[in-house]
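What follows is the residue order along each chain.
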Amino acid sequence: MPFKDMVAKYGSSGDSLALEMLVVTDGDEGSSQTYGTKQLKTLLDCSIPNLHVTIVACGSSASGQKQLADIASVGEHIDVVTYDNAADNIAAGFAEFTKARVSNPLRARES
Amino acid sequence: MVSAVLGRRECIVTFDNMLNCDTVFLAPGPFCRCVRVGIVEKIVLLVQDRTDTSSLETEILDRSREAASRYWNSKSDDDLAELVAMVCVARSFIDATAPGSGLLQDRTYLFECHLMQVYAIVSLFVSQKANPNTSTTNPEYHFRSIGTGEGKSIVICAICIMWSLMGCSVDVACFSKILAARDANNSRPWLQFFGVTATFGTIDSLIKVAPQFQSQIEQRSALVLRGQPLPAMIANATNATTQPRVLVIDEVDVLYSEGMVGQVWCDASQHKSEEISQLFLDIWEQKVSTVQEAVQSANGRAVQQAFPNLKLEQLLERVVPAAEEVRDGTFIYEVDNDRGRILRRSNEDGRLQQHVEPQDFFAALKEASSPLSSITKEQALDMIAVSTPAVAKHALSLPRGYHAIWGVSGTLASQFYECMASTLFTNSVPQKMEMPTSFAQKQTLTIQDPIVCGGDVPELEGPFDSNNRENSGYFLNIKKEIEAVVERSRAALVVFETQARLNAFREYIQGHPIEPPSQDVRAVKYLPPTSATDKYSVIDQTIRVAASRARVTLATRAFGRGSDFVCTDALLKSEGGLHVIQTFWSPDNSEEVQIKGRTCRQDNPGSYRQILWANDLKDIQAITNVPVNVASVTDVESARAAYFNARKSATEAQIADAAEQEEASAEFLQNLHNGTNMDSMIEYLNAAPSVGAGAMVPYKVVISCDVSGSMCGANIDAACKGLEVLLEALQERDCEHDEVEIHTFSSNVQQLRAMGAVSDVDKAALTANLKSSVGGGTVRIVYRRDCAA
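Since this is a predicted model, take the numbers as computed values, not measurements.

Considering the overall build of chain A
- If you tally the helices and strands in chain A, you get five helices and three strands.
- Each helix and strand of chain A, ordered N terminal to C terminal, gives the series α-β-α-α-β-α-β-α.
- Here chain A holds 111 residues, and the buried ones make up 56% of them.
- In chain A, the proportion of contacts linking residues at least 24 apart, taken out of those at least 6 apart, comes to 77%.
- Roughly 4,200 Å² of accessible area belongs to chain A as shown, and the carbon and sulfur atoms make up 50% of that amount.

Okay, here's the thing in C-alpha cells:
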C-alpha cells in the first residue's frame, strides 16, 4: 500500500511542491482494493500538500466503469480521464495529463 | 469538570491503571501524588512492570476513538473528559516507551499534558457550542491566551488529534516557516500513534492556491491573452472538502496584527513566447530605444499578433526604463542555474532573493554577456516571461472555508489585537479566555532599566551624549551588556529589529571583540532568517543551546515568538538564567511581552533589558507626535496608543484595499472558470503586467501502473507510449528538482521506491520491464542506477 509511504514522505510539510499522482488502471478486480474510493479518499484526506490524483481509465467492463465513476466523485483533487476505447484512452490520458499538468511554462512565485 | 481538573494537583499513573485515567482528572483517590522533578513540581506517571504494551496501545486507541465518537454526538462533559484523558495517556505512553527515555530506569514518567494544558484543551472544547459542520456559514471563533513557556504546541497537537478522531480535517497556521516545521516534526509521533494527520503550514502557504491550480490559471490566462477560446476547466481552484474543516492558529494575534492585516499574497502567471523574448532582446541591445519604437518594430508587431489582448504599450512603459536602469545600475545578481532563476542581493540585509521584475530579466542578459558568466544568452532569453496577476489572497481570508477557528497565543491582550479585532469581527466575536499558569509560582523575571543610546557606527549615525560621547554608543552598550552577562557565566539573547541591524552588529563585534577573552566566551551564535528553512537543523540546535553558560545568541525579532530557549543548565539557573536584550522599541506591547517570555521559561530565573537607539525613538515620535520616554511605563503605553491611532486609518485603508484586490481576483477566477466576461478578464490581466524571470515549482510525479492480466497487449503498449510522452515533457521542463517514481500494482502493490531525477530514468529498460511485468510482476528497473545495481 503506497499511501502510507506517501503520507510519511510528503505529509505535513507545508512545502511548496506539486505532488502529482497518476494511476493507470481499468478499475477491475484487485485494483479496487488498491485505488478504490475509500483508499483514495483516505489519501486525499491526509495532509499531503498540493496532492492531485489523476486516474487514466482504460478497459470497458461494467464493474470497472462503476468503480471509476465512484472514484470521480471522491473529491475535487481527483480527475478521472476516460475515453471510448481502451488502448487509445491510455495514450490520450497521458497526453492530457502531460498537457494540463506538466507542460506549463515557468511560474512566478512571490519572493 | 474544569474545576475538577484544576483542583487536582497530583496524580500517579501506572501502566496498569492508565486506562482509568479519567479518574486522574475527575476523582480523588489513592492515585494522586505530586513529585518534584528538578525545581518543578510535576505530575508523574509511575510505571509498573508491564511487558505487554501492545495490548495497552490497542486499548488506548479503541477507547479514544469510542470517546471521540460519543463526544461528537453527545457533547457531554464525561465523554470529553474521557477523550482528553485518553489523548494525554497516549502522549505519556509514547514518552514512556520512547527508546532512551532517561526516566525509564526510575520507572517514572512525566505525565503529559500538564494541568494548564488540559484546562486549555477542555475549555476550548466546552466553549464550542456546536460541532463544526460543512454547511455552516458562520463558524465559531474561540481564542485562548496561554502564557509563554506553558506549552502551546502540546495543546495544539492534542486539539488536532481530538478533532481528527471526530472526523474533521485540521490545519494549523503559524506565522513562521521554522516554527511550523518544528511543530509538524514534534507532533508527528503523537499524531501517528492515532493514525491521524494535520497540516502545519504558514499563513501564506495555507492561503495560496495549490500549484496544480496555479498551472491551470496560467494556461487559461495565456489563452485569454492570445484571444483563444477557453476549454472546460479540469477542476475548481478551490479546496473544497466533504469533511468539516477546523483551523487552529498559533500566535493568533499575529494574524490580526498591524503588519498582517493589510497583507496580500499575489501569485502571478508567466507567459513565454519567442516573440516576446526577441522584442526584449531588441530593447536590451538598443535596437529600439523608446516605447513607441518598440511597439511599432517588427518584433513588437509579432507580439501583438500573438497576444492581441495584451496591452503591450502599457507593459513596455515599465520595461524600457528597466533596461536603462540595469545598464547603468549596480544591482548585484547571482544565477541559480538549478532552478532557472536570477537572484538579486538585497540592499537591506545582503541576502539573495528571488524577484520577478523587468530588471531581473535584463540582469540575466547582462550577466550572459560577461565572459565569466555561468549562463548563456539562450538561457537568459528562456527566462523571459510576461507576468500577469493570478490569485490575490488577503491574509485575513485565511479563516474563510473553515467551520471552526481556534487560536492560541501568549499575548491576546495586545492593544493592537483589541483595536484590530473590533474592526474585523463584526458578526462573530471571538470568545477569548486567559488560561491560568502552571508556573510563575514566584516572580522570576528581573526587568532592568532601559538604556537609550546614540549611534556609534557609520550605518547608525545618531545623537551622542556630548558629555559622555565614548560611552553612549548603541552597539557599544549592547556589547558592554553582553560582556557583563558572560562575565557572570550567564547566557545572553540579543534580539534585533531587522537582519540588517543584526548583521551590522556582527560586523561591529568583529572589530570590537567581546571581552573577557574568547576562551571564556563561547562562540557567538547567530540565528539565520526564519525564511531559511534549509537551515532548520542549525536554527533548532542554536535555540537548544542558547540558554547555557557564557553563550551569546543574536536573533531577529521573528525569534521573539514561539522559540523555546529552554534552560536545563542548573549552574546557569543559579547564576540568574538567560538575559534577554531587546534592541528596539516595539510599537505593540504584545511583542515586548513575547520577547520577555524567551527567558524565565517554566519558572526559571532570568532578566530583561531594552537598549535602544535614540533615532528609532525619534522615528516613533515623528509618527505619534508624542515624546517617547522609555523609562516610564505610562509614557510607553501612551506612546503606543498614539502610534496605533496615527496608523489606524492607514491600516484600515490597507484592509479595504486588500479586500478589494481579493474580490477582483475572485471575480477573475470565476470568469476564468466559466469562460465568461472576456473584457473583464482582459482588464484584470492587463492591470499590472510585468516581465521577469520566474522560478519553477518542482514536480514530484508518482506513477502507479496497473499490470493485472487485463492490461496485457495493446493496453500496456499504450501505457508505455503515454509514459514516454510524459517523461519527455518532464525532461523538456529541465527542472533539476523534478522527480518521478514509478511502481506497479495488480492484486498487490509494489512498495513505493525512492524518487529519482527525471533525467535518470532509463526509458527503454522501463518500458521493457513494464511489459514483462503484466500478469502480476513488479518493475525493477526504472533508473539508470537500477541497471548499474
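Some points on the overall build of chain B
- When its secondary structure is counted, chain B shows 29 helices and 26 strands.
- Total accessible area on chain B stands at roughly 32,300 Å², and carbon and sulfur atoms take up 48% of it.

Considerations on the nonpolar core
All names here are of chain B.
- Counting 55 residues, the largest nonpolar core has Phe125, Ile161, Met162, Trp163, Trp190 and Phe194 as the members making the most contacts within it.
- Going through the elements one at a time, helix 3 (53-74), helix 4 (77-97), helix 5 (115-127), helix 6 (152-165), strand 6 (169-174), helix 7 (177-194), strand 8 (245-250) and strand 14 (404-409) are the ones with two or more residues in this core.
- Top element by residues in this core is helix 6. It accounts for eleven residues.
- Filtering out sequence-adjacent residues up to four positions away, Phe125 remains in contact with Tyr71, Lys75, Leu80, Ile159, Met162, Trp163, Met166 and Trp406.
- Core analysis: the second largest hydrophobic core is formed by 47 residues, Ala294, Val295, Phe307 and Leu310 among them.

Remarks on unusual backbone geometry
Residue and element names in this part refer to chain B.
- Here the phi dihedral of Ser489 falls at roughly 60 degrees; this positive angle occurs in a residue that is not glycine.
- Tracing the backbone shows Ser489 in the loop between helix 19 (474-487) and strand 18 (491-496).
- You will see that Ala550, though not glycine, has its phi angle at about 60 degrees, which is positive.
- Here Ala550 shows up in the loop between helix 21 (536-546) and strand 20 (552-556).

As for the confidence of the model for chain A
All names here are of chain A.
- Across chain A, pLDDT averages 63, with 35% of residues at or above 70.
- Predicted confidence is poor over residues 12-16, with pLDDT under 50, and the contacts of this stretch with residues over four places away or in other chains come to 16 contacts.
- The low-confidence segment residues 103-111, where pLDDT is below 50, has 45 contacts with residues more than four positions distant or belonging to other chains.

Comments concerning the pairing of strand 22 (residues 606-613) of chain B
All names here are of chain B.
- Summarising burial for strand 22: eight of the eight residues are buried, a large majority.
- Every second residue of strand 22 is oriented toward a common face, with Gly606, Tyr608, Gln610 and Leu612 on one face and Ser607, Arg609, Ile611 and Trp613 on the other, all of them buried.
- The sheet contact formed by strand 16 (residues 445-447) and strand 22 spans three bridges and is parallel. Bridge assignment links Ile447 to a residue of strand 22, and that residue is Tyr608.
- Pairing geometry for strand 21 (residues 578-582) and strand 22, over five bridges, is parallel. Bridged to Gln582 within strand 22 is Gln610.

As for the confidence of the model for chain B
Residues and elements named next belong to chain B.
- Averaged over chain B, the pLDDT score is 75; the fraction of residues at 70 or greater is 72%.
- Overall, residues 1-51 carries pLDDT values under 50, and its contacts beyond four positions in sequence, including any with other chains, amount to 133 contacts.
- Every residue in residues 102-108 scores below 50 in pLDDT, and together they form 14 contacts with partners more than four places removed in sequence or on other chains.
- Among the scores for the predicted complex, ipTM is 0.85 and pTM is 0.66.

A word on the sheet that holds strand 15 (residues 431-434) of chain B
Residue and element names in this part refer to chain B.
- The six strands lie next to each other as 7-6-8-14-5-15, forming an open sheet whose pairing is parallel. Every interior strand has two partners, whereas the edge strands, strand 7 (199-202) and strand 15, have only one. Ignoring which end each strand starts from, the neighbouring axes of this sheet average 20 degrees apart.
- Relative to strand 7, strand 6 is paired through four bridges, and the arrangement is parallel. Within strand 7, the position partnered with Cys174 by the bridge is Thr202.

Quick look at a negative patch on the surface
All names here are of chain B.
- The grouping of Asp657, Glu660, Glu663 and Glu667 at the surface amounts to a negative patch.
- Note on placement: Glu660 falls in helix 25 (residues 633-674).
- The class for Glu660 is exposed, based on a relative accessible area of 56%.

Side note on the packing of helix 12 (residues 274-284) of chain B against helix 15 (residues 312-328) of chain B
Residue and element names in this part refer to chain B.
- Packing of helix 12 against helix 15 brings their axes to within 10 Å, and their N-to-C directions diverge by 45 degrees. Here helix 15 runs oblique to helix 12, going by the angle between their axes. Read as a crossing pair, helix 12 and helix 15 show a hand that is right-handed. In this structure, helix 12 uses Leu279, Phe280, Ile283 and Trp284 to contact helix 15, whose residues at the interface are Leu312, Leu315, Leu316, Val319, Val320, Ala323, Val326 and Arg327.
- Across the contact of helix 12 with helix 15, the residue classes break down as eleven nonpolar, no polar and one charged.

Observations concerning the pattern of salt bridges
All names here are of chain B.
- Following the criterion strictly, the structure yields 15 salt bridges over all chains and no others.
- Residues Lys152 and Glu251 are paired through a salt bridge, measuring 3.8 Å at the closest nitrogen-oxygen approach. Here Glu251 lies in the loop between strand 8 and helix 10 (252-255) and Lys152 lies in helix 6, a separation of 99 residues in the sequence. For the pair Lys152 and Glu251, a shared accessibility class is recorded, and that class is buried.
- For Arg557, the salt bridge is made with Glu591, and the minimal N-O distance between the two is 2.8 Å. You can see Arg557 sitting in the loop between strand 20 and helix 22 (570-575) and its partner Glu591 sitting in helix 23 (residues 589-596), a full 34 residues away along the chain.
- The buried category is assigned to Glu591, whose relative accessible area is 15%.
- Taken together, the shared-partner salt bridges in this structure form one network comprising Lys152, Glu251, Asp253 and Arg561.

Calculation rules
Residues numbered from 1 in each chain as written. Chains lettered and ligands numbered in written order. Predicted model: local features only at pLDDT ≥ 70, side-chain atom pairs only at ≥ 80, totals over all residues. Heavy atoms only, no water. Helix = DSSP H or I, 4+ residues; strand = E, 2+ residues; numbered from the N terminus. Buried < 20%, exposed > 50% of the residue type's maximum accessible area, 1.4 Å probe, protein only. Contact = heavy atoms within 4.5 Å. Areas by Shrake-Rupley, 256 points an atom, 1.4 Å probe, with all protein chains shown as cover. Core = buried A, V, L, I, M, F, W, Y, C linked by side-chain atoms within 4.5 Å. pLDDT = per-residue confidence, 0-100. Pairing = 2+ DSSP bridges. Axes fitted to C-alpha atoms, helices over the stretch in contact; angles between N-to-C directions. Patch = residues over 30% accessible without salt bridge, like charges linked within 9 Å, V, L, I, M, F, W, Y side chains within 5 Å. Salt bridge = Lys/Arg side-chain N within 4 Å of Asp/Glu carboxyl O. Lys, Arg positive; Asp, Glu negative; His and termini not counted. Charge placed at Lys NZ, Arg CZ, Asp CG, Glu CD. Parallel < 35°, antiparallel > 145°, perpendicular 65-115°, else oblique. Left-handed = near helix turned anticlockwise from the far one by under 90°. Nonpolar A, V, L, I, M, F, W, Y, C, P; charged D, E, K, R; others polar.

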